[in-house]
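What follows is each chain in one-letter form.
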Amino acid sequence: MADILPKKNEEYGTKEYWDQRYAQESEDSSFDWFKSYNDIADIIRELIPDKSSRVLMLGCGNSTLSQDMYDDGYKNIVNTDYSGILIEKMRHKHAQSRPEMEWHEMDIRDLKFEDDSFDVAIDKGTMDAMMTAKADVWDPPEEVVQNCNREVDEVLRVLRKGGIFIYLTFGQPHFRRRYLDRPGTTFEIRKLGEAFHYYLYIVRT
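Residues numbered from 1 in each chain as written. Predicted model: local features only at pLDDT ≥ 70, side-chain atom pairs only at ≥ 80, totals over all residues. Heavy atoms only, no water.

Caption draft 1: Structural context of the overall build of the chain. Within the chain, the regular secondary structure consists of seven helices and seven strands. In the chain, the succession of helices and strands from N to C terminus is α-α-β-α-β-α-β-β-α-α-β-α-β-β. Per-residue burial over the chain gives 51% buried out of 205 residues. Sequence-distant contacts in the chain: of pairs separated by 6 or more residues, those separated by 24 or more amount to 69%. (Helix = DSSP H or I, 4+ residues; strand = E, 2+ residues; numbered from the N terminus. Buried < 20%, exposed > 50% of the residue type's maximum accessible area, 1.4 Å probe, protein only. Contact = heavy atoms within 4.5 Å.)

Okay, here's the thing in structure tokens:
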């Protein structure tokens, strides 16, 4: 595991790091930031009661979240990641067992989907990877601000009216609210965990 960890945290925000990492890992490898699906399944079922909802997974990586949701009945999941190496591996891995899932090489800051085409969007740590630049967390670089705003802009564009954006992170509200609390939406924060807190941010269109 040590040889695939970045030398600097800011490498988590580069496509080159993830391509190199996924090229080294086997098709059966998986890695989950934060909680597993089992930890949050009850909340997901509450927030997404209709299992036929079209779900966009932003920066899916090789997390098991998509496959666990699929196995729980959410068959209409569209996965995106900007690592083409990863997408090819995941497409091959799930082709037989989860044929209805889609896999697309795509940058979350420039989604290629139509407006109003998803019911749900989920980010589980992807925005966090864009925030790893070495800087004052209270005053992030303009590039970080632009990247995070572009992700949320794109998410709100592709979500249908009445849609929901679910973002799971360890990032505290005063570092995330600026990107998520948008006019014309409702914004909810839930704190998860005991000793170490995670946050679930919920934006409804």
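Caption draft 2: Focus on helix α6 (residues 142-158). The end-to-end C-alpha distance of α6 is 24 Å, a good match for the 24 Å that 17 residues give at a rise of 1.5 Å each. Every buried residue of α6 is listed here: V144, V145, N147, C148, E151, V152, E154, V155 and V158. On its buried side, α6 packs onto β1 (55-58), β4 (118-124), α5 (126-129), β5 (159-169) and α7 (173-180). (Expected span 1.5 Å × (residues − 1).)

Caption draft 3: Spotlight on the environment of V152. Tracing the sequence through the fold places V152 in helix α6. Separated by 29 residues in the primary sequence, V152 and D181 have C-alpha atoms spaced 9.8 Å apart. The contacts of V152, once residues within four sequence positions are left out, are M127, F165, Y179, L180 and R182.

Caption draft 4: Up close: the pattern of salt bridges. In total, this model carries 16 salt bridges according to the counting rule given. Residues R182 and D153 are paired through a salt bridge, measuring 2.7 Å at the closest nitrogen-oxygen approach. Of this pair, R182 sits in the loop between α7 and β6 (186-192) while D153 is found in helix α6, placing the two residues 29 residues apart along the sequence. Taking the relative accessible area as the measure of exposure, R182 reaches 16% and is therefore buried. (Salt bridge = Lys/Arg side-chain N within 4 Å of Asp/Glu carboxyl O.)

Caption draft 5: A look at the packing of aromatic side chains. Here the structure, examined in full by the defined rule, presents five aromatic pairs. With centroids separated by 5.9 Å and ring planes inclined at 15°, the aromatic side chains of F187 and Y201 adopt a geometry described as stacked. Linking F187 in strand β6 with Y201 in strand β7 (residues 198-204), this pair joins segments that are 14 residues apart in sequence. Side by side, F187 and Y201 carry an identical accessibility label, which is buried. Positioned above the aromatic ring of F118 is the side chain of R54, whose terminal nitrogen or guanidinium carbon lies 4.2 Å from the ring centre. Lying over the aromatic face of Y70, K75 brings its terminal NZ or CZ to 4.8 Å of the ring centre. (Phe/Tyr/Trp six-rings, centres within 6.5 Å; stacked < 30°, edge-to-face > 60°. Lys NZ or Arg CZ within 6 Å of the ring centre and 35° of its normal.)

Caption draft 6: Seen up close, the sheet that holds β4. Spatially, seven strands are ordered β3-β2-β1-β4-β5-β7-β6 in an open sheet, and the strand pairing comes out mixed. The open sheet has two edge strands, β3 (102-105) and β6, and neither has a second partner. In this sheet, neighbouring strand axes are inclined to one another by 20° on average, regardless of whether the strands run parallel or antiparallel. Note: strand β2 (residues 77-81) against β3, four bridges, orientation parallel. Considered in β3, the bridge of T80 is made with H104. Relative to the sheet, helix α2 (residues 37-47) contacts β5, β6 and β7, its axis offset from that of β6 by approximately 165°. (Pairing = 2+ DSSP bridges. Axes fitted to C-alpha atoms, helices over the stretch in contact; angles between N-to-C directions.)

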